[in-house]
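The lines below spell out each chain.
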Amino acid sequence: MRPWRLLITSSPLLLGYLFLMGFMTLNQDQLLYLPDPTPPSAANLHPRLGPALAPWPLASGSAFRGYVRAEAGAAQGRRGTLVLFHGNAGSARDRTYYLNALEPLGVRVILAEYPGYGGRDGSPSQASLVADGRETVRLARAAYGEPLWVWGESLGAAVAAQVAVAVEPPATGLMLITPWDNLPDLAQALYWYLPARWLVRDRYDTRAALQTFQGPKGVLIAGRDQIVPPAHSQGLYEALPEPKRRWLFPQAGHNDWPSYPAAAWWGEAMTWLEAMAPHAARTSTIR
């Protein structure tokens, strides 16, 4: 085939490919961040199923940063305070299963909300989520003291990792649920037909962020995860410095790992985190 004929034949394909690449580049925030912008209300804070929630900090009005259970139990907080960073869709109000699972273990749980989610001002990005998360953890520590645990799920695991090392002092311990190693590598694996690694703006390099984090690091891996392929979670785990521990659920997917309150791993995770951070127990200033 003559060169000019080859050019004519391939031009629609090339133009289509360039259009797809441009579309993915311009709309990557809409693909990564899927917020429910609905603000808190009497209806969504008191659902028919699940515990009633209250905005946190209490009496903060429109300046709220997350949610806590509306009626805290007497034992809540005896093992410290846990700030939870949720996944990329919905809002923090959708994650009450963390309250149901962890509060009976004696942990005070704050469901952190992101800028642009759940009625909060701002727009989501790595810079805004991490900066806001640092302030949320700072306020939680100022209010409740030590130990201060940071947990995150999916996108929230990437945020949690960045926050845990950036606060001063660093978080007592960290739990990462279905995490990725870094976003460029994950994007390239999911969009193999594009130069995705070079197109993403937000990097969320969890592996690099945690190289200097000395606290205990737990990792939950879903063996059938199609959103964050398990190789990326496993690669992160292998790259982490000690102390670390892995929970692998071979039959679980990205959204069906054992989140039910009776799952044994919740208690195992808290016990292990405490055991690997004995200084936290000795210097606890829980209020």
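Just so it is clear, the model here is predicted, and its values are computed rather than measured.

1. Examining the overall build of the protein
- Helix and strand counts for the protein stand at twelve helices and ten strands.
- In the protein, once contacts between residues fewer than 6 apart in sequence are set aside, the share between residues at least 24 apart is 75%.

2. Describing the nonpolar core
- Counting 42 residues, the largest nonpolar core has F85, V137, V150, V159, L174, W180 and Y204 as the members making the most contacts within it.
- Here the element with the most residues in this core is helix 6 (residues 155-166); it accounts for eight residues.
- Of all hydrophobic cores here, the second largest spans 31 residues; its members include L53, A92, W265 and A277.

3. Here we look at the pairing of strand 9 (residues 217-222)
- Where burial is concerned, most of strand 9 is hidden: six out of the six residues are buried.
- Of the two faces of strand 9, the one holding K217, V219 and I221 and the one holding G218, L220 and A222 are both buried throughout.
- Note that strand 8 (residues 173-177) and strand 9 share four bridges and pair parallel. When the bridges of strand 9 are listed, L174 appears paired with K217.
- Bridge count for strand 9 against strand 10 (residues 244-249) is six bridges, and the pairing is parallel.

4. Points about the environment of G253
- Turning to its location among the elements, G253 is positioned in the loop between strand 10 and helix 11 (264-276).
- Taking the relative accessible area as the measure of exposure, G253 reaches 10% and is therefore buried.
- For the pair G253 and A222, spaced 31 residues apart in sequence, the C-alpha to C-alpha distance is 5.3 Å.
- When neighbours within four sequence positions are excluded, G253 is seen to be in contact with A222, R224 and D225.

5. Here we look at unusual backbone geometry
- Geometrically, the link from W56 to P57 is a cis peptide bond, its omega value of -5 degrees lying close to zero.
- Locating P57 in the fold gives a position in the loop between strand 2 (53-56) and strand 3 (66-69).
- With an omega dihedral of -5 degrees, the bond running from E242 to P243 counts as a cis peptide bond.
- Relative to the helices and strands, P243 is located in the loop between helix 10 (230-239) and strand 10.
- Despite not being glycine, Y204 shows a phi value in the positive range, around 40 degrees.
- Mapping Y204 onto the fold places it in the loop between helix 8 (196-199) and helix 9 (206-209).

6. Details of the pattern of salt bridges
- Under the criterion given, the structure shown has nine salt bridges.
- Of the charged contacts in the structure, one is a salt bridge between R69 and E103, with a shortest N-O distance of 2.4 Å. On the criterion of sequence distance, the pair formed by R69 in strand 3 and E103 in the loop between helix 4 (97-102) and strand 6 (108-112) is long-range, its members being 34 residues apart.
- By relative accessible area, which is 9% here, E103 ends up buried.
- Overlapping salt bridges bring together R65, R120 and D132 as one network.

7. Looking at the sheet that holds strand 3
- Strand order in the open sheet made by the eight strands is 2-3-6-4-7-8-9-10, with mixed pairing throughout. Every other strand in the sheet has two partners, leaving strand 2 and strand 10 as the edge strands with one partner each. Averaged over all pairs of adjacent strands, the angle between their axes in this sheet comes to 20 degrees, without regard to strand direction.
- Of the pairings in the sheet, the one linking strand 4 (residues 81-85) to strand 6 comprises five bridges and is parallel in character.

8. Describing the confidence of the model for the protein
- Averaged over all residues, the pLDDT of the protein equals 88, while 86% of them reach at least 70.
- This stretch, residues 280-287, has a pLDDT under 50; its non-local contacts, to residues over four places away or in other chains, come to 20 contacts.

9. Observations concerning helix 11
- Its 13 residues give helix 11 an end-to-end C-alpha distance of 19 Å, which sits within 8% of 18 Å, the value for a rise of 1.5 Å per residue.
- Where the residues of helix 11 are buried, they touch strand 4, helix 4, strand 7 (148-153), strand 8, strand 9 and strand 10.

The rules behind the values
Residues numbered from 1 in each chain as written. Predicted model: local features only at pLDDT ≥ 70, side-chain atom pairs only at ≥ 80, totals over all residues. Heavy atoms only, no water. Helix = DSSP H or I, 4+ residues; strand = E, 2+ residues; numbered from the N terminus. Contact = heavy atoms within 4.5 Å. Core = buried A, V, L, I, M, F, W, Y, C linked by side-chain atoms within 4.5 Å. Buried < 20%, exposed > 50% of the residue type's maximum accessible area, 1.4 Å probe, protein only. Pairing = 2+ DSSP bridges. Salt bridge = Lys/Arg side-chain N within 4 Å of Asp/Glu carboxyl O. Axes fitted to C-alpha atoms, helices over the stretch in contact; angles between N-to-C directions. pLDDT = per-residue confidence, 0-100. Expected span 1.5 Å × (residues − 1).

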